[in-house]
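# Coordinate inspection notes
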There are 2 protein chains.
Amino acid sequence: MDFTKLSKENLEREKKKLEEEYRSFQSKKLNLNMARGKPSPEQLKLSYPMLTAVNPESNFISSTGADCRNYGMPDGLPELRRIFAQMMGVDADNVVIGGNSSLNMMFDTVSCGMTHGFSGCEPWGCQKGRKFLCPSPGYDRHFRVTEYFGFQLVTIPMTPEGPDMDKVEEAVKDPSVKGIWCVPKYQNPTGITFSDETVRRLAHLKPAAKDFRIFWDNAYCVHDLTDTPDCLANLWEECKKAGTLESVFFFASTSKITFPGAGISAMACGDENLKEIRGRYAVQTIGPDKLNQLRHLYFLKNFDGVKAQMAKHRALIAPKFQIVELKLEKELAGKNVAKWSNPKGGYFISVDVLPGCAKRVVKLCADAGVKLTAAGATFPYGKDPDDSNIRVAPTYPSPEELEQAMELFCIAVQLAAAEKLLAS
Amino acid sequence: MDFTKLSKENLEREKKKLEEEYRSFQSKKLNLNMARGKPSPEQLKLSYPMLTAVNPESNFISSTGADCRNYGMPDGLPELRRIFAQMMGVDADNVVIGGNSSLNMMFDTVSCGMTHGFSGCEPWGCQKGRKFLCPSPGYDRHFRVTEYFGFQLVTIPMTPEGPDMDKVEEAVKDPSVKGIWCVPKYQNPTGITFSDETVRRLAHLKPAAKDFRIFWDNAYCVHDLTDTPDCLANLWEECKKAGTLESVFFFASTSKITFPGAGISAMACGDENLKEIRGRYAVQTIGPDKLNQLRHLYFLKNFDGVKAQMAKHRALIAPKFQIVELKLEKELAGKNVAKWSNPKGGYFISVDVLPGCAKRVVKLCADAGVKLTAAGATFPYGKDPDDSNIRVAPTYPSPEELEQAMELFCIAVQLAAAEKLLAS
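Here the structure is a predicted model, which is why all the values come from computation and not from measurement.

Looking only at helices and strands, chain A features 14 helices and 13 strands. For chain A, the C-alpha radius of gyration of 23 Å lies close to 22 Å, the compact-globule estimate for 424 residues. Its C-alpha atoms give chain A principal-axis dimensions of roughly 75 × 55 × 35 Å. When contacts within chain A are restricted to residue pairs at least 6 apart in sequence, those whose partners lie at least 24 apart make up 77%.

Here it is in structure tokens:
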């Protein structure tokens, strides 16, 4: 039953039916928040052993001889830098450990560009008409960082291969374009992993601005959900070959490996950028929280430990992604009212409803007790030009709650479509 | 035996004797680092119960209903905000909890001024010839923050009452003066607590710059070492009365209450500034490490718990301050080669040696295995105009090590004085 081909009468009848179903949902008085990619309580329990992994009996002296209970060690524990290096596919010597938030490290790095500039260029704060490329749909918090610092946000369409590289290569000819946000693996929200070709083209980018930087947020680098995970080409190695390593900042964190908010973040970059960043950190802080680093190290032990932990997350998350995908397939397939992703990892499923319907769907769901990410949030300035994209975050609710929420969601998608088609 | 009144012959003889003593010290091959105010291993053990205060059996749900294991809660736990409010003498509603470093919060606040400005003024980054007042001797890391951001550092002499307020009041008539660094209680390094009159005059300051800010780093607010502690007047209340609350940022941390580097920082400010800061934090991070906040809360419990913890620190630290003061008194009193503070709290003892001798003393100590804070570090740009001030940090070494270090220090002070007097 393709909604777009139904007669007006049939569409009216369908709409009535959907309205009834919707009303019966409202009476259930659901109260679910699916607005953000939050791990579930069950996932949080996976890291409980970490809570007491550092205790009075622990060895507090790092392999470098430093006392993890006291000040110092700005780069972080070498063992943890090594784990992050393996996660991120970079050299351990170029990894700097941060606090509890990789977003904060990205913010600080943009802030560093604003006040001090990169590659000897004038600070960004002194350059007029700065622009930043935002592959969209994308991560709202990335976009907000550059919006906060006064960049003009330039939308770059996402393709199944990653950001539209023709458009990126064209855009960077403009010297006022200073960077691009990337979530290269299981992108938020599309779930797409950048193709080898996209990674290669990014490594070989020739931006007019010497202080152009790729912000490579590998937030979901180990967050696979199937036996045939996506494989992301290694930008670090590609850039080393191309001689463009100084044009990238690499980020990752354990926020969705251990505890969101009480995890560890890390960044990596080429030697020149590192010198700038280290110089800044030496002024900014006396050092990161090494007890939390030690907690992570004693709990995760090594990269194999990270993978073992992620397998446990997968066991809890993968069934939820299946619920969403099965429900979408069952309720919406063939109706021509939505397209959606079937990602092999990450935290989101991206749904494109009929143009002009996303806000309505989100409102319908909210009015029946299910809060979704605000429509438009995945685009610069929170404005989806097509009002079409909706980010579904299936990890937090229980499977039962998720079943219900998706049932409601599918009704809302169809109802909004029927309303739209009848009005046009 | 006043060195300055000795005959050349007697001074020569004294110098020879000191050189012999110094050489015998060198043969001891000491290896002590007293460069920074670091808590000792024994102090760190006081917080061991905190390591497991949060464990799988804990209640993770805050009084507001938020899950401390997950994202969110940018202001921090209300109970912890209350404890900080009592420590800092401010309103709990105006406290924001940060990460593990109050220095980082200060850096971020200056950085906020640089890119976004305060009180609707042009961002500091766009204003030429910015200046910042640095009461000296003072805290080197404060000075370095404003140096990093391109402020001209203006030395304000410290008096026994705090910063020379005549000079401060004169300086702020210049609209390019944007702020002042203050450690109001047991100042680093002088140990001085600002007098009531100084606090009152700061509250009533009339800076020409609307975006002038007092950075009030109450790092040692509960760090008393005697039964008759200094009492700091409450700037928050004074400013409220004077209608100048928006001109101050208040800071504190638990770095020297629990674990340095794994503590909790906090800031407080008036409603207008708070709006700016909260808006920034909403972009900068998804929230602070609430598990570490919970750890602190379950360990310290309340303000009385903080005081009880500080009594234990005092029991370990106070004897070390006595060792330093007794040694200085015994070896240097009446010789007219040094003046020093006898602070009632904090982390430092400040010694003023003969002008032109501080660097020499620090080098003599280093060459015999005792590393002190670099001479000059307590002044803007690391340059003490008199080359006279030395910061002694007695907390880290054991009492036995400290005895030896101070013995060496007193020899070095006299030797440098003898050299100096003979050369002039």
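Residue and element names in this part refer to chain A. Considered domain by domain, chain A is made up of domain 1 (3–44 + 309–423) and domain 2 (61–301). Each of domain 1 and domain 2 has a C-alpha centre, and these two points are 31 Å apart. Secondary structure elements with two or more residues in the side of domain 1 that touches domain 2: α12 (303–332), β11 (349–353) and β13 (389–392). Per element, the largest residue contribution to the side of domain 1 that touches domain 2 is six residues, and it comes from α12.

Once that is clear, we can look at the relation of the copies chain B and chain A. With an RMSD of 0.0 Å, the operation that places chain B on chain A is a rotation of 180 degrees combined with a shift of 0.0 Å along the axis. Expressed as an axis order, the relation between the two copies is that of a two-fold axis. Minimal C-alpha separation from the rotation axis in chain B is found for T52 of chain B, amounting to 2.8 Å.

Before going further, it helps to spend a moment on the pairing of strand β6 (residues 177–182) of chain B. Residue and element names in this part refer to chain B. Most of β6 is tucked away: six of the six residues are buried. Judged from the two bridges that link them, strand β3 (residues 131–136) and β6 form a sheet pairing that is parallel. Counterpart to L133 in the pairing with β6 is I180. Here β6 runs beside strand β7 (residues 213–217); their pairing, made up of four bridges, is parallel. Note that in β7 the partner of G179 across the bridge is R213. For the segment spanning β6, helix α8 (residues 196–203) and β7, crossover handedness is right-handed.

If you trace the backbone, E272 of chain A turns up in helix α10 (residues 271–284). On a C-alpha basis, the gap between E272 of chain A and S119 of chain A in space is 8.0 Å, while along the polypeptide they are 153 residues apart.

We now examine the nonpolar core. In this structure, V353 of chain A together with V353 of chain B are the most contacted members of the largest nonpolar core, which totals 262 residues. Leave out the neighbours within four places in its chain, and V353 of chain B touches V337, A338, A358, V361, S388, I390, V413, A416 and A417 of chain B.

Between chain B and chain A, the residue contacts involve 40 residues of the former and 40 residues of the latter. Its residues assigned to classes, the side of chain B that touches chain A comprises 19 nonpolar, 15 polar and six charged.

Below, the discussion takes up helix α9 (residues 235–242) of chain B. The α-helix winds at 3.6 residues per turn, so residues separated by three or four positions along the chain end up facing the same way. Residues and elements named next belong to chain B. Within α9, burial applies to L235, W236 and C239. Down the axis of α9, the sector holding all buried residues measures 100 degrees, keeping them to one side. Next to the buried residues of α9 lie α8, β7 and β8 (248–253). Phi for G243, located one or two positions after α9, is positive at around 70 degrees.

The next subject is the sheet that holds strand β10 (residues 338–340) of chain A. Residue and element names in this part refer to chain A. If you walk across this open sheet you meet the three strands as β10-β11-β13, and the pairing is antiparallel. This sheet does not close on itself; its edge strands, each paired only once, are β10 and β13. Adjacent strand axes in the sheet meet at a mean angle of 25 degrees when their direction is disregarded. When β10 meets β11, the two strands line up antiparallel, connected through three bridges.

The next thing to look at is the packing of helix α4 (residues 78–88) of chain A against helix α11 (residues 290–300) of chain A. All names here are of chain A. Here α4 crosses α11 at 65 degrees, and the two axes come no closer than 9 Å. For the pair α4 and α11, the sense of crossing is left-handed. Seen from α4, the contacting residues are E79, L80 and I83; seen from α11, they are Q293, H296, L297 and L300. Here the residues of the contact of α4 with α11 sort into four nonpolar, two polar and one charged.

So, on to unusual backbone geometry. Backbone torsion omega between S136 of chain B and P137 of chain B reads 5 degrees, so that peptide bond is classified as cis. With respect to the helices and strands, the residue P137 of chain B is situated in the loop between β3 and α6 (140–148). The omega torsion across N188 of chain B and P189 of chain B is 10 degrees, close enough to zero to call that bond cis. With respect to the helices, strands and loops of the structure, P189 of chain B is situated in the loop between β6 and α8. Backbone geometry places K301 of chain A, a non-glycine residue, at a positive phi of 70 degrees. Mapped onto the elements, K301 of chain A comes out in the loop between α11 and α12.

This next bit is on the sheet that holds strand β4 (residues 152–159) of chain B. Strand pairing in a sheet takes place through backbone hydrogen bonds and is either antiparallel or parallel in direction. Residue and element names in this part refer to chain B. On the basis of which strands lie adjacent, the open sheet formed by eight strands has the order β2-β9-β8-β7-β6-β3-β4-β5 and mixed pairing. Both edges of this open sheet fall to β2 (95–97) and β5 (162–163), since each of them pairs with a single strand only. On the sheet, α6 packs against β3, β4, β6 and β7 and is oriented at approximately 155 degrees with respect to β4.

Let us now look at the environment of E20 of chain A. All names here are of chain A. Of note, E20 is situated in helix α1 (residues 8–26). Taking the C-beta count within 10 Å as the criterion, E20 has 11 such neighbours and is therefore assigned exposed. Residues E20 and I411, 391 residues apart in the sequence, show an inter-C-alpha distance of 10.0 Å.

So, how was this worked out
- Residues numbered from 1 in each chain as written.
- Chains lettered and ligands numbered in written order.
- Predicted model: local features only at pLDDT ≥ 70, side-chain atom pairs only at ≥ 80, totals over all residues.
- Helix = DSSP H or I, 4+ residues; strand = E, 2+ residues; numbered from the N terminus.
- Rg over C-alpha atoms; globule rule 2.2 N^0.38 Å.
- Contact = placed C-beta atoms within 7 Å.
- Domains from an automatic or database assignment.
- Least-squares fit on C-alpha atoms with pLDDT ≥ 70 in both.
- Buried ≥ 20, exposed ≤ 12 C-beta atoms within 10 Å, placed from the backbone.
- Pairing = 2+ DSSP bridges.
- Right-handed = clockwise from strand over helix to strand, strands pointing away.
- Core = buried A, V, L, I, M, F, W, Y, C linked by C-beta atoms within 7 Å.
- Nonpolar A, V, L, I, M, F, W, Y, C, P; charged D, E, K, R; others polar.
- Arc of directions from axis to C-beta.
- Axes fitted to C-alpha atoms, helices over the stretch in contact; angles between N-to-C directions.
- Left-handed = near helix turned anticlockwise from the far one by under 90°.

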